[in-house]
Amino acid sequence: MRPVLADIFAAAQVIAGVADRTPLVPSPYMSGVVGADFLLKLENMQPIGAFKLRGALNAVAGAQDAAGVTCCSTGNHGRGVAYAARARGLRAVICMSELVPQAKVDGIRALGAEVRIVGRSQDAAQAEAARLVAEDGLTEISPFDDALVIAGQGTIGLEIMAARPDLETLLIPLSGGGLAAGVALAAKTIKPDLRVIGISMDRGAAMYESLRAGHPVEVEEVPSLADSLGGGIGMENRLSFAMCRDLLDDVILVTEEEIYTAMQVLYYEDRIVAEGACVVGIAAVLSGKVVPKGPTATIITGRNLDMAMFTRVITGQDVVLGDKVIQGKTYGT
Ligand SMILES: *Cc1c(COP(=O)(O)O)cnc(C)c1O
């Protein structure tokens, strides 16, 4: 069932004490660009380095009677589920394929989860998670298409609106849409005339293409500086697609070059180390694709990035992403 504002208030109670109420800090540089306060919600400071802990904690609480929880994400969602399950004393099994880099396997294991390595594709890992649900009674937690996950992510919207009721524009990084659905639900129920815009990279933007088509569609996944925004929305999407369709005022796409520059801006102007996925809101404003009115906020969603890649970006070197080359550019030149 589609969550409502009361579910988000309930989630805030559930996650309190494990997920942090993160700071909402002004970016002086971006405030100068916009001509009004531009605020950064620092979810990169959560214990797992990303906001996904919120949704995972709320969903794990809903699975308290199950034999455990499972998922097949190797990224921030897998980290969130592992951390949340350990915090609540529940078994977590994270399924992944043999192709997943050892560093990611170790990272999830270090958070206390069991890692199950099966087959050579994401589909094989997904099949193993389904088997754990059917045969062992575990509950699978979706990274974005789940009412409890959406309500958990929505607590970010409550915190932003409590701190800045005068906010006029909210820019949200968009992939599967659990974050955007929850935050937009909270923020727009509290302030209906708030402008809420979802932002994705222009290569492989599944939600954008699905909204255009009017139903979930598959897109080809390609490497991106905003790798946390990759992946599909699920052809059987139940909640996040309809909520994004109904709640977002617009969805904007930014290029890899625009993300590259915005990562430099966030680093050199605000001294923040964050994933490419976090800076799409900044990229949209700097490129002129979004012209915010009044006080504006964006969500710095996570910090779990490849430091070798990050070093290349901030030192102005070329970055190769599959068949795409981003031309290097030293900041400020
Ligand atoms: C998951 C994630 C997103 C996107 O969230 P969705 O709910 O899938 O739209 C953005 N940034 C980071 C760092 C993430 O891990």
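Residues numbered from 1 in each chain as written. Predicted model: local features only at pLDDT ≥ 70, side-chain atom pairs only at ≥ 80, totals over all residues. Heavy atoms only, no water.

I'd like a description of the state of the cysteines, backed by residues and values.
One pass over the structure, following the stated rule, counts 0 disulfides. The cysteine cysteine 71 is free of any disulfide, with cysteine 72 supplying the nearest cysteine sulfur at 6.6 Å. Its relative accessible area of 1% is what places cysteine 71 among the buried residues. For cysteine 72, which is in no disulfide, the shortest distance to another cysteine sulfur is to cysteine 95 and amounts to 6.5 Å. (Disulfide = S-S within 2.5 Å. Buried < 20%, exposed > 50% of the residue type's maximum accessible area, 1.4 Å probe, protein only.)

Go over the site of the ligand, please, and point to the residues and values.
Lining the immediate environment of the ligand, one finds 15 residues, of which Lys52, Asn76, Gly177, Leu179 and Thr301 sit closest. Here an oxygen atom of the ligand and a side-chain polar atom of lysine 52 are 2.6 Å apart. At 2.9 Å, a backbone N or O of glycine 176 approaches an oxygen atom of the ligand. Look at the ligand: alone it shows 390 Å² of surface, and the protein chains cover 97% of it. Residues that form the shell around the ligand fall into these classes: 5 nonpolar, 8 polar and 2 charged. (Near = heavy atom within 4 Å. Polar contact = N/O pair within 3.5 Å; in protein donor to acceptor, adjacent residues only side chain to side chain. Areas by Shrake-Rupley, 256 points an atom, 1.4 Å probe, with all protein chains shown as cover. Nonpolar A, V, L, I, M, F, W, Y, C, P; charged D, E, K, R; others polar.)

Quick one: what's the story with the pattern of salt bridges, residue by residue and with numbers?
Taken as a whole and assessed by the stated rule, the structure comprises 16 salt bridges. Here lysine 41 ties to glutamate 159 by a salt bridge, and the two come within 2.7 Å at their closest N and O atoms. Placement of the pair is lysine 41 in strand E2 (residues 38–42) and glutamate 159 in helix H7 (residues 147–163), with a sequence separation of 118 residues. Given a relative accessible area of 2%, lysine 41 falls into the buried group. Measuring nitrogen to oxygen at the nearest pair gives 2.6 Å for the salt bridge that ties arginine 54 to glutamate 43. Taken as a pair, arginine 54 in helix H3 (residues 52–62) and glutamate 43 in the loop between E2 and H3 lie far apart in primary sequence, 11 residues in all. (Salt bridge = Lys/Arg side-chain N within 4 Å of Asp/Glu carboxyl O. Helix = DSSP H or I, 4+ residues; strand = E, 2+ residues; numbered from the N terminus.)

Please provide a residue-by-residue account of the packing of aromatic side chains, values included.
Across all of its chains, the model carries 3 aromatic pairs by this definition. Considering the side-chain rings of tyrosine 267 and tyrosine 268, the 4.9 Å spacing of their centres and the 85 degrees angle between planes classify their relative orientation as edge-to-face. Seen from their ring centres, tyrosine 267 and phenylalanine 310 are 5.5 Å apart, and the 80 degrees between their planes marks the pair as edge-to-face. Of the two residues, tyrosine 267 is situated in helix H11 (residues 256–270) and phenylalanine 310 in helix H13 (residues 307–314); the sequence distance between them amounts to 43 residues. Looking at tyrosine 267, the relative accessible area reads 26%, which means it is partly exposed. (Phe/Tyr/Trp six-rings, centres within 6.5 Å; stacked < 30°, edge-to-face > 60°.)

Now, about the nonpolar core: what can you tell me, with residues and values included?
Leu225 and Ile259 are the most contacted members of the largest nonpolar core, which totals 40 residues. Within the residue set of this core, elements represented by two or more residues are helix H2 (28–34), E2, strand E8 (195–201), strand E9 (250–254), H11, helix H12 (280–286), H13 and strand E11 (319–321). For this core, the element with the highest residue contribution is H11, accounting for 6 residues. Leaving out residues up to four positions away in the same chain, isoleucine 259 has contacts with Met201, Leu225, Ala226, Val254, Gly276, Val279, Val280 and Ala283. Counting residues in hydrophobic clusters, the runner-up holds 39 residues, among them Leu5, Ile172, Ile233 and Met243. (Core = buried A, V, L, I, M, F, W, Y, C linked by side-chain atoms within 4.5 Å. Contact = heavy atoms within 4.5 Å.)

Quick one: what's the story with the sheet that holds strand E4 (residues 92–96), residue by residue and with numbers?
Taken in spatial order, the 4 strands of this open sheet run E5-E4-E3-E6, and their pairing is parallel. Two strands close off the open sheet at either side, each with one partner strand: strand E5 (114–117) and strand E6 (139–140). Summarising the sheet, strand E3 (residues 69–71) and E4 pair through 3 bridges and their orientation is parallel. When the bridges of E4 are listed, cysteine 71 appears paired with isoleucine 94. Against the sheet, helix H5 (residues 102–110) touches E4 and E5, its axis set at about 150 degrees to E5. Seen against the sheet, helix H6 (residues 122–136) touches E3, E4, E5 and E6 and runs at an angle of roughly 150 degrees to E4. (Pairing = 2+ DSSP bridges. Axes fitted to C-alpha atoms, helices over the stretch in contact; angles between N-to-C directions.)

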